[in-house]
Amino acid sequence: MQAATTFEFRHPLRSSNSHHHRCVNDCRATRLVTEKEPLKRDERNAPLTLSYVFLAGSMSPELRSDMAPKNTLNAQNLEALGAKRLAELLIDISSGDAAAKRRLRLALAGAQSPADAAREIRKRLIAISRSRSFVDWQSRRALVDDLEAQRRAIVEHVGKADPKEALDLMWRFLALASSVFARCDDSSGTVIGIFHGGVSDLGRLAEAAKGDAEELADRTFPALLDNDYGEFDGLIATLCPALGDAGLQHLKQRFVALSKEPIRKLPEHERRKIGWATSGPIYEDEIVDRHRARVIEMALRDIADAQGDVDAFVAQYEPETRKVPGIAAQIGARLLVAGRAAEALKVLEAAEQRRAGWPDFEWEDARIAALDALERGDDAQAARWSCFERFLSARHLRDHLKRLSDFDDIEAENRALDFAENFEHFSAVLSFLAAWPAPDRTAKLVLTRAEKLDGDRYEVLTPVAEALSGKHPLAATLALRAMIEFSLDNARSSRYKHAARHFQECASLASAIADFGQFEPHESFVTRMRGKHGRKSSFWGLVI
């Protein structure tokens, strides 16, 4: 519901009609009260009160800005200070703030010309590449802001006017990755995200630059070889429109040629041991050679995908490797897109399931898609049901049910839920039934098998408690108690704040439970917990 504000306008009647329409149209207001009665001729000059209610979300930005207090920080209020005063404030604010000064210099350079902006960006990229100080998680924000500012400046200040220059700058920006990651803690993945954003920008800039496709391929080649931190992941797919057939073919030729180059074998005394395995020492040159082979294979697969060449993609895998379910699924999916469903199914069914009882849904889904493509609907339905029975896959069960006729789907759903209740893994059953949702069945399961509730599985019991709290407060309470007791029994202090919240939820649910039956009432539970864990003050201090 949007907040409403009522205003009154007083104006002469002779202009009331035009003013009324102007108010409604310009302000998008809803008129609540107008004049009570038509006025007499001699009263036309008397003031007239009109009341309107304005919905804040529907006002024009101009009106909202006009209504804001004059000391509110917005563009219009700051503009009123004048250019000179704003310049003085910016100088004062940026004093001692290197990042702010860089942004101001970049803005000034961009206002002069794209060439000046490019020169300023290039200077900053060189400075970043030369830096050697380690950046931990506490100081990472400044580095992230700096990198993001340079990336955006390349696109916005240079790219619009000179995409070729911007393309060159973006390549230079992405080349910073190795030196940055060598001195940076990027456990959050924020920094790599900026470089991946740069790869996306690179594709757009390359299209806009309309340069030579083979030159672009020649610049792509070393970048893929130096992709040590994954900064160039997805590069070929991103550059595909700019590379075109000629560029992709040239890039492919370069990687094929590299794959045929003989590997220089170092003399034994020059080889460097970097570790040990059960088979013996691990040598640095062996790791380098394996890495090069993997890079070549991955690049040729990406090129094959970009060219739509399924056979070239398949050729990058050894026959034994094609039997790995995940690899078979990738090959099968591409064969399906190429309209070769029979071949896809053959590849998929040749896969070797090496982890019995462990779901590989990518392979399962690819096989089902192949069966559907071959119009083997009954087999596809059987495969969906099998996925449900083996792994309690709700997604496959829903896909199975929606392909059934009316009433048949209801019968099949009941049969599925009956099956689920007797599934061997209790936590999996709870999770499935709560998410389906089947709250009555979930509550029954909790009440009859409460001793099997695993308080360590908070990712299961939390949503179960939430799903049951409305209509099944006792079952919800038992799920909450299991998590509370596990946290306290095992002194998991990191979970105490959650356990305290669960404790309060139990107290709230207690008033809705008429009969605890065989389970202890809330007061008894509290007494037992205080007797057993009364010294855990860090927990009880959180309980309100």
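Residues numbered from 1 in each chain as written. Predicted model: local features only at pLDDT ≥ 70, side-chain atom pairs only at ≥ 80, totals over all residues. Heavy atoms only, no water.

Right, let's talk about the overall build of the chain for a bit. Broken down by element type, the chain carries 27 helices and five strands. A burial count over the chain gives 38% of its 544 residues as buried. Look at the contacts in the chain between residues 6 or more apart in sequence, and 62% of them connect residues 24 or more apart. As presented, the chain carries roughly 31700 Å² of accessible surface, and 52% of it is formed by carbon and sulfur atoms. (Helix = DSSP H or I, 4+ residues; strand = E, 2+ residues; numbered from the N terminus. Buried < 20%, exposed > 50% of the residue type's maximum accessible area, 1.4 Å probe, protein only. Contact = heavy atoms within 4.5 Å. Areas by Shrake-Rupley, 256 points an atom, 1.4 Å probe, with all protein chains shown as cover.)

Helix length check: helix α7 (residues 140–159), at 20 residues, gives a terminal C-alpha distance of 27 Å against a target of 28 Å (1.5 Å per residue), a fit within 8%. At alanine 153, α7 is deflected by roughly 30°, the largest bend along its length. Turning to α7, its buried residues number three or more, namely Arg140, Leu143, Val144, Asp146, Leu147, Gln150, Arg151, Ala153, Ile154, Val158 and Gly159. (Expected span 1.5 Å × (residues − 1). Bend = angle between axes of the 7 residues up to and from the residue.)

What follows covers the packing of aromatic side chains. Given two aromatic rings, one states the distance between the centres and the angle between the planes to describe the pair. Applying the stated rule across the entire model yields 17 aromatic pairs. Here phenylalanine 503 and tryptophan 540 contribute two aromatic rings whose centre-to-centre distance is 5.5 Å and whose plane-to-plane angle is 85°, an arrangement assigned as edge-to-face. Here tryptophan 540 lies in helix α27 (residues 537–540) and phenylalanine 503 lies in helix α25 (residues 496–510), a separation of 37 residues in the sequence. Residue tryptophan 540 is classed as buried on the basis of its relative accessible area, which comes to 10%. (Phe/Tyr/Trp six-rings, centres within 6.5 Å; stacked < 30°, edge-to-face > 60°.)

In this section: helix α19 (residues 394–401). Among all positions in α19, only His396, Leu397, His400 and Leu401 are buried. On an axial view of α19, the arc spanned by its buried residues comes to 135°, and they lie on one face. Check the buried side of α19 and you find it contacts α17 (361–373), α18 (377–391), α20 (408–421) and α21 (426–435). (Arc of directions from axis to C-beta.)

Taken together, the side chains of Leu73, Leu78 and Leu81 define a hydrophobic patch exposed on the protein surface, amounting to about 300 Å² of accessible area. Mapped onto the secondary structure, leucine 78 falls in helix α3 (residues 75–79). Judged by its relative accessible area of 33%, leucine 78 falls in the partly exposed class. (Patch = residues over 30% accessible without salt bridge, like charges linked within 9 Å, V, L, I, M, F, W, Y side chains within 5 Å. Salt bridge = Lys/Arg side-chain N within 4 Å of Asp/Glu carboxyl O.)

Moving on to the pairing of strand β5 (residues 280–283). When strand β4 (residues 273–277) meets β5, the two strands line up antiparallel, connected through four bridges. Residue pairing for β5: lysine 273 is matched across the bridge by tyrosine 283. Linking β4 to β5, which pair antiparallel, is a turn of two residues. (Pairing = 2+ DSSP bridges.)

Before going further, it helps to spend a moment on the confidence of the model for the chain. The predicted model of the chain averages 85 in pLDDT, with 82% of residues at 70 or higher. Counting interchain partners and residues more than four positions distant, the pLDDT-below-50 stretch residues 1–58 has 84 contacts. (pLDDT = per-residue confidence, 0-100.)

On to the pattern of salt bridges. One pass over the full model with this rule turns up 38 salt bridges. Measuring nitrogen to oxygen at the nearest pair gives 2.9 Å for the salt bridge that ties arginine 172 to aspartate 168. Taken together, the residues arginine 172 and aspartate 168, both in helix α8 (residues 163–174) and four residues apart, mark about one turn of the helix. Exposure remark for arginine 172: the relative accessible area of 41% places this residue in the partly exposed category. Note on aspartate 168: relative accessible area 17%, which makes it buried.

Time to look at the side chain of aspartate 360. Positionally, aspartate 360 belongs in the loop between α16 (341–349) and α17. Not counting chain neighbours up to four residues away, the residues in contact with aspartate 360 comprise Pro325 and Gly326.

A word on the environment of valine 180. Locating valine 180 in the fold gives a position in helix α9 (residues 177–181). Look at valine 180 and you get buried, because its relative accessible area is 0%. Sequence-wise, valine 180 and leucine 147 are 33 residues apart; in three dimensions their C-alpha atoms are separated by 9.9 Å. If near-sequence neighbours (up to four positions away) are discounted, valine 180 is found in contact with Ile128, Leu143, Leu147, Val191 and Phe195.

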